[in-house]
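# Chain and residue survey
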Amino acid sequence: MRCPSLQDIPAPPAGRTGWPWTEASDSSAWLRKRVDWPRVSIVMPSYNQAEFIEESIRSVLLQGYPDLEFLVYDAESSDGSVNIIRKYEPWLTFWVSEKDRGQSDAINKGLRKSTGKYFNWQNSDDILTPCCLFKAVNALLEHPEASLVHGYEDVIYADGSLHATTENAFGPPTRLAPDVGRSIATLKTGTQPGCLMDRDLVLQVGGLNEDLHFVMDIDLLLRLAILKPALYLHEKLVYYRYHSATKSHNEWPETRALERLSIARNLYAMPEAQPYQSLRRDAMAQGHRYAADCFWMNGSPGKAIKHTLLDIAWSPFKHWDQRRGTAYKLKQRKISQRKMLAAQNTEF
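Residues numbered from 1 in each chain as written. Predicted model: local features only at pLDDT ≥ 70, side-chain atom pairs only at ≥ 80, totals over all residues. Heavy atoms only, no water.

### Focus on unusual backbone geometry
Here is the rule we go by: Runs of E in the DSSP output that reach at least two residues are strands. Runs of H or I that reach at least four are helices, and both are numbered from the N terminus. When accessible area is computed with a 1.4 Å probe and restricted to protein chains, residues below 20% of their type maximum are described as buried, those above 50% as exposed, and intermediate ones as partly exposed.
In this structure, the amide linkage connecting Trp 19 to the following residue, Pro 20, adopts the cis form with an omega of -5 degrees. Within the secondary structure, Pro 20 sits in the segment before α1 (28-33). Geometrically, the link from Pro 172 to Pro 173 is a cis peptide bond, its omega value of 5 degrees lying close to zero. Mapped onto the secondary structure, Pro 173 falls in the loop between α6 (167-170) and β8 (175-176). One non-glycine residue with positive phi stands out, namely Cys 131, at about 65 degrees. By the element assignment, Cys 131 lies in the loop between β5 (127-128) and α5 (132-142). Look at Cys 131 and you get buried, because its relative accessible area is 7%.

Written out as C-alpha cells, the structure reads:
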C-alpha cells in the first residue's frame, strides 16, 4: 500500500495541529532518490490507548512511503480505541480486536502475517517522526551488513512536552553501533522504537520470546546483533511517550527483575555466541544488578541485597562505579516519575 495523503485520511480532532495532525511528511526528495523502495511492515499492538492511538496511527500513515504494510492488533480495548481504529480501516493492511497472551504474542502474530523486507512494531502511544521510514530503509540498503538500524528518540510526556532525548547516547556519526561485545556484556542495545529490522533475520531467530513481558525488545535486538551488527543512524526517528501506563518506566514486579537474567542465560547458549563466552560473567553481573534495581524500586530490600551480592560474586573487580551510583539513580527515577505525573495532569 502506498501511504495516503493528508487529504485522504480523516480530519484531526478540533484543536490538534502540527505533525501528524495538519502536517504530513514531505517525501518528494526521497521518492526521487530511488524507485524500488522495499516493503516495510509495521505492527501496532495496543490495549486501551484511546488517548494516544490516533496520533500514533497517523504518524505511520503520513510517512509518504510507497510500500507500507500496516497491521494493528488490539487486545479487546474498552476505552474507544476500536472506534478510532475503524476510522482508519481503509488504510490498514489488517486489523483485529481480540484477546491475546500479551504484547509479544500480538507482535508475533503480526510478524508471521507480514511480508515486508523490513519490520518493526510500534507501540500505540509512540509517534514516528516525518520521513523516518525513508531514512531507516535508505540506511539499511546502504549497509547490508547490518541486521537492524536504530536512531535516537525524544522522550515526551503525555501532553507532548519534552522529558529527555537520547541524542547523545551514541552520538554521531552514523556507524555500526553499539559494539556487539559491549552489548551482550551489558545486556543493552540501541533503541527499538523507530528502528527497522531485517524481517528474515527476525524470523530466523524465532521472533519475540513470548515468555518475556518487559525486555523482549532487548532480547530480540541482542539475538539479531549476534548474527549481524546493529547500525546506528544519527537521526531522531521517534517520539517515545512516557506516561503513567508506560510499563517500562513504571512497573517493577519480580517478573521484570528476573527477565534480564533469563536473557543472559539464553543469549550465551546460542551457538553464534560462543566467541563471546569471556563476557558471560559481566552479563550475569549486569543481570543481577538490574534485578537489584527492580527490587529496590518495588520495596523488596532483602531480594535487592541478595542480587547485589550475586552481582559482586559474578564480577568482583569491576562495575563499582555503577554499584555506588545505585542510590542516586533510584532517586532520579522517583523524581522523573513525579515530573511525568505532573505533566499528565496538565490540560492538553
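What follows picks up the thread again.
### Observations concerning the packing of aromatic side chains
For the record, the criterion: Any pair of Phe, Tyr and Trp rings, taking the six-membered ring for Trp, is counted once the centres come within 6.5 Å. Such a pair is stacked with planes under 30 degrees apart, edge-to-face with planes over 60 apart, and tilted for the rest. Only when the NZ atom of a Lys or the CZ atom of an Arg is both within 6 Å of the ring centre and within 35 degrees of the ring normal do we say a charge sits over the ring.
Evaluated as defined, the whole model comprises nine aromatic pairs. Judged by centre distance (6.2 Å) and plane angle (70 degrees), the rings of Trp 30 and Trp 37 are edge-to-face. We classify Trp 37 as buried; its relative accessible area is 6%. Centre to centre, the rings of Trp 37 and Tyr 65 are 6.0 Å apart; their planes meet at 70 degrees, and the pair counts as edge-to-face. Of the two residues, Trp 37 is situated in the loop between α1 and β1 (40-46) and Tyr 65 in the loop between α2 (53-61) and β2 (68-74); the sequence distance between them amounts to 28 residues. Judged by its relative accessible area of 0%, Tyr 65 is buried. Connected via pairs of aromatic rings, a cluster forms that spans Trp 30, Trp 37, Tyr 65 and Phe 134. The side chain of Arg 34 reaches across the aromatic face of Trp 37, ending 5.2 Å from its centre. Here the guanidinium or amino end of Arg 260 rests over the ring plane of Tyr 290, the centre of that ring lying 4.0 Å away.

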